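One-letter residues, chain by chain:
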Amino acid sequence: MTLMDGDDEGVLAARLRAGDSRAFDEAYDRYRPRVFSFLLRLSRSRTLAEDLLDETWLRLVAHARDLRPGTRLGPWLFTVARNLYWTYRRNSLVADACSPELTLWLSPPAWPSPFELAAASELERRVERALATLSPQYREALLLVAGEGLTPSDAAAICRIAPEAFRQRLSRARAALAEKLEQTGASLARQRGYGT
Amino acid sequence: MTSDRQADYVLAAVAALGPHDVSRRHADSLRRRCQAQLQTRPTRTVVSRGVDRTALQRFIGPALGSAWCLAYLVEVIRRAVAAYGF
């Protein structure tokens, strides 16, 4: 899953700036699932992710005419979505203590058939669960770079930290996820009697 | 090398996660709201009275401020000279 190249994104942003409604549809269809997936995995709450998604797109429309030439729409959207999430977190008194797998798996499956749903790899479920147990900072680093194909520099700009600091964060996030995956893999094996 | 391979495996596993989306109804509703807002955005009035606001802010304002400070300084010096009779 990768973003459009910079030129395409720039053209799309220019069309949006001109008020082109078809450009909005194009951007909406292209980025809505990506931004929503990002928000859902970051927030671990479908309701919250939906609210933040709405706000992200409404902000795009509100600021479309102010988009600077050369604005890359993908990073712009992820920046807004990410900032909205962290603003919510700061303002919220509710602890981020959802069950790691509760809300995510209540979402409608993105797979097209029951067979594919059944065949959805165990690995994928393990990754979702392990990802959900990481800190939000680690989750967003992994989701932006691995999930959305952004460069570490772009992701660092979105997270408003220095590129070197982001690389360190990403490295720690990868190590943490690998450890969680190993743990869940071992416990799964024990449950099924595969362990020695 | 092992940790690199492990890192690649981890990133690949995250990259392979399937997408999620809102319901069709929600997506259509949000699209309609955004399109409506896009169509009704207030048009910005273009300032074209011969005065470039940007130039005013960048140059004329600071120039007037500097001139005032300079005049004030000159007056202070003039009065000091008058008072102490240098």
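The shown structure was predicted, so the numbers you read here are calculated from the model rather than taken from an experiment.

Reading the values: rules and limits
Residues numbered from 1 in each chain as written. Chains lettered and ligands numbered in written order. Predicted model: local features only at pLDDT ≥ 70, side-chain atom pairs only at ≥ 80, totals over all residues. Heavy atoms only, no water. Helix = DSSP H or I, 4+ residues; strand = E, 2+ residues; numbered from the N terminus. Buried < 20%, exposed > 50% of the residue type's maximum accessible area, 1.4 Å probe, protein only. Areas by Shrake-Rupley, 256 points an atom, 1.4 Å probe, with all protein chains shown as cover. Contact = heavy atoms within 4.5 Å. pLDDT = per-residue confidence, 0-100. Expected span 1.5 Å × (residues − 1). Arc of directions from axis to C-beta. Buried area = accessible area lost by both parts, 1.4 Å probe. Salt bridge = Lys/Arg side-chain N within 4 Å of Asp/Glu carboxyl O. Polar contact = N/O pair within 3.5 Å; in protein donor to acceptor, adjacent residues only side chain to side chain.

## A closer look at the overall build of chain B
Then, number 1: Along chain B, the regular secondary structure elements total three helices and zero strands.
Then, number 2: Each helix and strand of chain B, placed in order from N terminus to C terminus, yields the pattern α-α-α.
Then, number 3: For chain B, the proportion of its 86 residues judged to be buried stands at 20%.
Then, number 4: Summed over its atoms, the accessible surface of chain B is roughly 7000 Å², and 60% of this surface lies on carbon and sulfur atoms.

## A look at the environment of Leu-48 of chain A
Residues and elements named next belong to chain A.
Then, number 1: Mapped onto the secondary structure, Leu-48 falls in helix α3 (residues 46-63).
Then, number 2: As a C-alpha pair, Leu-48 and Tyr-88 span 40 residues in sequence and 9.2 Å in three-dimensional space.
Then, number 3: Not counting residues within four places of it along the chain, the set of residues in contact with Leu-48 comprises Ser-43 and Tyr-88.

## Topic: the confidence of the model for chain B
Then, number 1: Residues with a pLDDT of 70 or more make up 72% of chain B, whose mean pLDDT is 80.
Then, number 2: Predicted as a complex, the structure gets a pTM of 0.69 and an ipTM equal to 0.74.

## Things to note about helix α2 (residues 24-39) of chain B
Then, number 1: The end-to-end C-alpha separation of α2 of chain B is 22 Å, in line with the 22 Å expected for 16 residues at 1.5 Å each.
Then, number 2: His-26, Ala-27, Leu-30, Arg-31, Cys-34, Gln-35 and Leu-38 of chain B are the residues of α2 of chain B that are buried. Each buried residue of α2 of chain B sits inside an arc of 160° when the element is viewed along its axis, so together they form one side. The outward face of α2 of chain B, more than 90 degrees from its buried face, is lined by the exposed residues Arg-25, Arg-32 and Gln-39 of chain B.
Then, number 3: The inward-facing, buried residues of α2 of chain B contact α2 (21-43) and α3 of chain A.

## A word on helix α4 (residues 73-91) of chain A
Because an α-helix completes one turn every 3.6 residues, residues spaced three or four positions apart along the sequence face the same direction.
Then, number 1: An ideal rise of 1.5 Å per residue puts 27 Å on 19 residues; α4 of chain A measures up with 27 Å between its terminal C-alpha atoms.
Then, number 2: All buried positions along α4 of chain A are accounted for by Leu-73, Gly-74, Pro-75, Leu-77, Phe-78, Val-80, Ala-81, Arg-82, Asn-83, Leu-84, Tyr-85 and Trp-86 of chain A.

## Let's talk about the interface of chain A and chain B
Then, number 1: Tallying the contact residues gives 44 residues for chain A and 28 residues for chain B.
Then, number 2: Summed over both sides, the interface of chain A with chain B buries roughly 3500 Å², with 60% coming from carbon and sulfur.
Then, number 3: Close ionic contact of Arg-31 of chain B with Asp-29 of chain A constitutes a salt bridge, the shortest N to O distance being 2.6 Å.
Then, number 4: In this structure, the connection of chain A to chain B is made through twelve residue pairs in polar contact (both at pLDDT 80 or more).
Then, number 5: Residue assignment for the side of chain A that touches chain B shows that the elements contributing at least two residues are α1 (6-17), α2, α3, α6 (122-133), α7 (136-147) and α9 (163-191) of chain A.
Then, number 6: With eleven residues, α2 of chain A is the largest single contributor of residues to the side of chain A that touches chain B.

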